Amino acid sequence: MDQAPGSPQGPKDAQELPGCYRHPDRTTGISCTRCERPICPECMISASVGFQCPECVREGSGTGHAPTANQPRTLAGGSIADDPRLITKILLGLNVAVFIAVLAMGDRLVNELVLVGAWPPEPFVPTEGVAEGQWYRLVTSMFTHQEIWHIAFNMLGLWWLGAPLEAALGRARYLSLYLLSGLAGGALTYVVADPSQASLGASGAIFGLLGATAVLMRRLNYDMRPVIALLALNLLFTFTWSGIAWEAHVGGLVAGVAIAYGMVHAPRERRTLVQWGTCAVVLVVVLATVVIRTAQLV
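Residues numbered from 1 in each chain as written. Predicted model: local features only at pLDDT ≥ 70, side-chain atom pairs only at ≥ 80, totals over all residues. Heavy atoms only, no water.

Chemist: How do you make sense of the packing of aromatic side chains when you look at a structure like this?
Modeler: Any aromatic ring pair is given by two values, namely how distant the centres are and how the planes are angled relative to each other. Overall, the coordinates contain 3 aromatic pairs when judged by the stated rule. Judged by centre distance (6.0 Å) and plane angle (35°), the rings of Phe239 and Trp246 are tilted. Residue Phe239 is classed as exposed on the basis of its relative accessible area of 53%. Looking at Arg37, its charged tip hangs above the ring of Tyr21, at a distance of 4.2 Å from the centre. (Phe/Tyr/Trp six-rings, centres within 6.5 Å; stacked < 30°, edge-to-face > 60°. Buried < 20%, exposed > 50% of the residue type's maximum accessible area, 1.4 Å probe, protein only. Lys NZ or Arg CZ within 6 Å of the ring centre and 35° of its normal.)

Chemist: Where do I start with the confidence of the model for the protein in this structure?
Modeler: When pLDDT drops low, the exact placement of atoms in the prediction is not to be read closely. Of all residues in the protein, 89% have pLDDT values of 70 or greater, and the mean over the chain is 85. Taken together, the stretch residues 1-14 has pLDDT below 50 and engages in 33 contacts with residues farther than four places along the chain or on a different chain. Note on residues 61-70: pLDDT under 50 across the span, and 5 contacts to partners over four residues away in sequence or across chains. (pLDDT = per-residue confidence, 0-100. Contact = heavy atoms within 4.5 Å.)

Chemist: How do you make sense of the packing of helix α5 (residues 148-169) against helix α6 (residues 171-192) when you look at a structure like this?
Modeler: Angle between the axes and distance between the axes are the two parameters that describe a pair of packed helices. Here α5 crosses α6 at 140°, and the two axes come no closer than 7 Å. Between α5 and α6, the angle falls in the class oblique. Note that α5 runs across α6; the crossing there is right-handed. Judged by residue contacts, Leu158, Gly162, Leu165, Glu166 and Leu169 of α5 engage Arg171, Arg173, Tyr174, Leu177 and Tyr178 from α6. Of the residues contributing to the contact of α5 with α6, the split by class is 6 nonpolar, 1 polar and 3 charged. (Axes fitted to C-alpha atoms, helices over the stretch in contact; angles between N-to-C directions. Helix = DSSP H or I, 4+ residues; strand = E, 2+ residues; numbered from the N terminus. Parallel < 35°, antiparallel > 145°, perpendicular 65-115°, else oblique. Left-handed = near helix turned anticlockwise from the far one by under 90°. Nonpolar A, V, L, I, M, F, W, Y, C, P; charged D, E, K, R; others polar.)

Chemist: Would you mind showing me how to read a nonpolar patch on the surface here?
Modeler: A cluster of nonpolar side chains, contributed by Ile148, Trp149, Phe153, Leu233, Leu236, Phe237 and Trp241, occupies part of the molecular surface with about 740 Å² of accessible area. Breaking the nonpolar patch down by element, the ones donating at least two residues are α5 and α8 (225-240). (Patch = residues over 30% accessible without salt bridge, like charges linked within 9 Å, V, L, I, M, F, W, Y side chains within 5 Å. Areas by Shrake-Rupley, 256 points an atom, 1.4 Å probe, with all protein chains shown as cover. Salt bridge = Lys/Arg side-chain N within 4 Å of Asp/Glu carboxyl O.)

Chemist: What is the right way to look at the nonpolar core in this model?
Modeler: In a soluble, globular protein the nonpolar side chains are often hidden away together inside. Counting 60 residues, the largest nonpolar core has Ile39, Leu158, Tyr174, Tyr178 and Leu209 as the members making the most contacts within it. Every element with two or more residues in this core is listed here: α2 (86-105), α5, α6, α7 (203-219), α9 (246-264) and α10 (271-297). No other element matches the 9 residues that α7 contributes to this core. Apart from residues no more than four positions distant in its own chain, Tyr178 is found in contact with Leu91, Asn95, Met142, Phe143, Leu158, Ala202, Ala205, Ile206 and Leu209. (Core = buried A, V, L, I, M, F, W, Y, C linked by side-chain atoms within 4.5 Å.)

Okay, structure coming up:
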């Protein structure tokens, strides 16, 4: 495992790592290259060599560079936000709002939002589904839940995994990760599952966040054992519990890992191109998959 730039420490157990100087409850193996204070993903700002803390970045202003040159940046190059959990809160709110609407309106609303390839099944002529042009279902199904336990698990995962990722990636990159992971999970479900089988929930997006968390922790030389155990446990549930669309979980996980790798390992000089290029490739794969499957069904 490579040592992250600017960190004088090797991989250690989380219990041995110091706390961030601004967030003492968050252990970290990364230090500011100028003052050597420990900094967490929310506080680390990319520099020409390693990472710096917000105070050192502010003190380094007045160098003659453009005003944006010294603006605080996240690990992935995004802007530091006043509320690093804003997008996570909005996504959580959307899921809860749709869940409340489903409780109020019942199956009538659910039938319009769930992911379904073609309905009704043979020998009837399908009139609904993605194959019939209702591509919006790939998006709406990501925010639709029927069971309280389902939305509870997904929203807990969104809060625990999403907030640190949003702080580390920045809002735009984090939102792209969430949506593309959810779309990838829906696309794989559309391809593999029975066309008339309905699927719903944010699980694909949550598994994308889980995969991205693993990539980020490895990038920061954190102890990988907790996230590996969490991933193994979730995959065990995915393939042993009935009524779970494993396709959404696997599709979201693969997309999340790919996108996060492009986000946090992009070379500084071509960071924007690599990051958004990775997102574009995942989106093209998703769209091509849906188009090919639709041609098969119609």
